[in-house]
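The chain contents come next:
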Amino acid sequence: MLPMELSSVYLGFSVAAGIAGNIFAFVLFVSPIPTFKRIIRNKSTEQFSGLPYIYAFLNCLICLWYGSPVVKTGIILVATVNSFGAVFQLIYISIFIAYAEKEIKVRMLGLLLVVLAIFGLIVYVSLRVLDYDGRQIFVGYLSVFSLISMFASPLFIIKLVIKTRSVEFMPFYLSLATFLMSLSFSAYGVFKEDPFLYVPNGTGTILAIVQLALYFYYSSLSKKDLREPLIVTYV
């Protein structure tokens, strides 16, 4: 049992880490706004893909459900950040559908319905089949799998940076925000003694460090005029 003074400090650090994670996550949530301004301005989705927003929406819903008191008490800051995230992703998906070509529009609507059906099934199983402890484990593992998949998605960008020896495909501030968000929620998970939080976010922190290290390395090469032509053809 922790002394009262130490317990208060511990709680303060926990809340601070959770709030910091919310702030840095918000930076990531608003980062696609320039893309969607372009879509609205051109009245076309052009060559942009809507799949990342579909998957991000499902990820936010799963993590929101895990952070809700019905599944796990005491981690409300996980629920708040993912509720905002779900709203942002739904807005992006709606805009994408509105300006997409008919075939893509139908496909995106279908995927959105699939995501809602999957989430509905998760909620049903959580509430109707599992008890409180089983609910935490079931949704917790789903959130870990979903988060690690999200954090692993930049691996393609890392490969591209190494291949082209250019960081133009990996914006510094997005990598930094990802690192700070992952680090904050890793700390939040440690304070809450919740491996379903600190394991995936710890993985995200490591991957973000790799991105930042690559950024600084290849940026330094560019400053030394060792940069190769950036026009690369991918078949």
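A quick note: this is a predicted structure, and the numbers were derived from the prediction, not measured.

What counts, and at which threshold
- Residues numbered from 1 in each chain as written.
- Predicted model: local features only at pLDDT ≥ 70, side-chain atom pairs only at ≥ 80, totals over all residues.
- Heavy atoms only, no water.
- Axes fitted to C-alpha atoms, helices over the stretch in contact; angles between N-to-C directions.
- Helix = DSSP H or I, 4+ residues; strand = E, 2+ residues; numbered from the N terminus.
- Parallel < 35°, antiparallel > 145°, perpendicular 65-115°, else oblique.
- Left-handed = near helix turned anticlockwise from the far one by under 90°.
- Contact = heavy atoms within 4.5 Å.
- Nonpolar A, V, L, I, M, F, W, Y, C, P; charged D, E, K, R; others polar.
- Buried < 20%, exposed > 50% of the residue type's maximum accessible area, 1.4 Å probe, protein only.
- Arc of directions from axis to C-beta.
- Patch = residues over 30% accessible without salt bridge, like charges linked within 9 Å, V, L, I, M, F, W, Y side chains within 5 Å.
- Areas by Shrake-Rupley, 256 points an atom, 1.4 Å probe, with all protein chains shown as cover.
- Salt bridge = Lys/Arg side-chain N within 4 Å of Asp/Glu carboxyl O.
- Core = buried A, V, L, I, M, F, W, Y, C linked by side-chain atoms within 4.5 Å.

Novice: Requested: an account of the packing of helix α3 (residues 51-67) against helix α4 (residues 76-99), with residues and values cited.
Specialist: Contact geometry of α3 with α4 gives a least axis separation of 8 Å together with a crossing angle of 155°. One way to sum up the angle between α3 and α4 is to call them roughly antiparallel. In terms of crossing hand, the pair formed by α3 and α4 is left-handed. For the pair α3 and α4, contact is made by Y53, I54, A56, F57, N59, C60, L61, C63, L64 and G67 and by I76, V78, A79, N82, S83, G85, A86, Q89, L90, Y92 and I93, respectively. When its residues are assigned to classes, the contact of α3 with α4 shows 15 nonpolar, six polar and no charged.

Novice: Could you give an account of helix α7 (residues 155-164), naming the residues involved and the relevant values?
Specialist: Residues of α7 that are buried include every one of I158, L160, V161 and T164, and no others. What you see down the axis of α7 is that its buried residues fit within an arc of 160°, all on one side. When the buried face of α7 is taken as reference, the exposed residues oriented beyond 90 degrees from it are F156, K159 and K163. Taken from the residues just after α7, R165 is the one with a positive phi, measuring 55°.

Novice: Give me a nonpolar patch on the surface: which residues, what numbers.
Specialist: On the surface, L11, V15, I19 and I23 cluster together to form a nonpolar patch covering roughly 340 Å² of accessible area. Of note, I23 is situated in helix α1 (residues 4-30).

Novice: An account of the nonpolar core is needed here, citing residue identities and associated values.
Specialist: Generally speaking, soluble globular proteins have nonpolar side chains that are buried together. Grouped together as the largest cluster of nonpolar side chains are 45 residues, with contacts concentrated most on F57, W65, Y66, I93 and Y188. Put simply, the parts of the chain that give this core at least two residues each are α1, α2 (33-42), α3, α4, α5 (102-129), α6 (132-152), α8 (172-191) and α9 (195-223). The contact partners of Y188, leaving out residues within four places of it in the chain, are S14, A17, G18, G74, I75, I76, L77, V78 and L197. Ranked by size, the runner-up nonpolar core spans six residues in total, among them V161, V167, M170 and L214.

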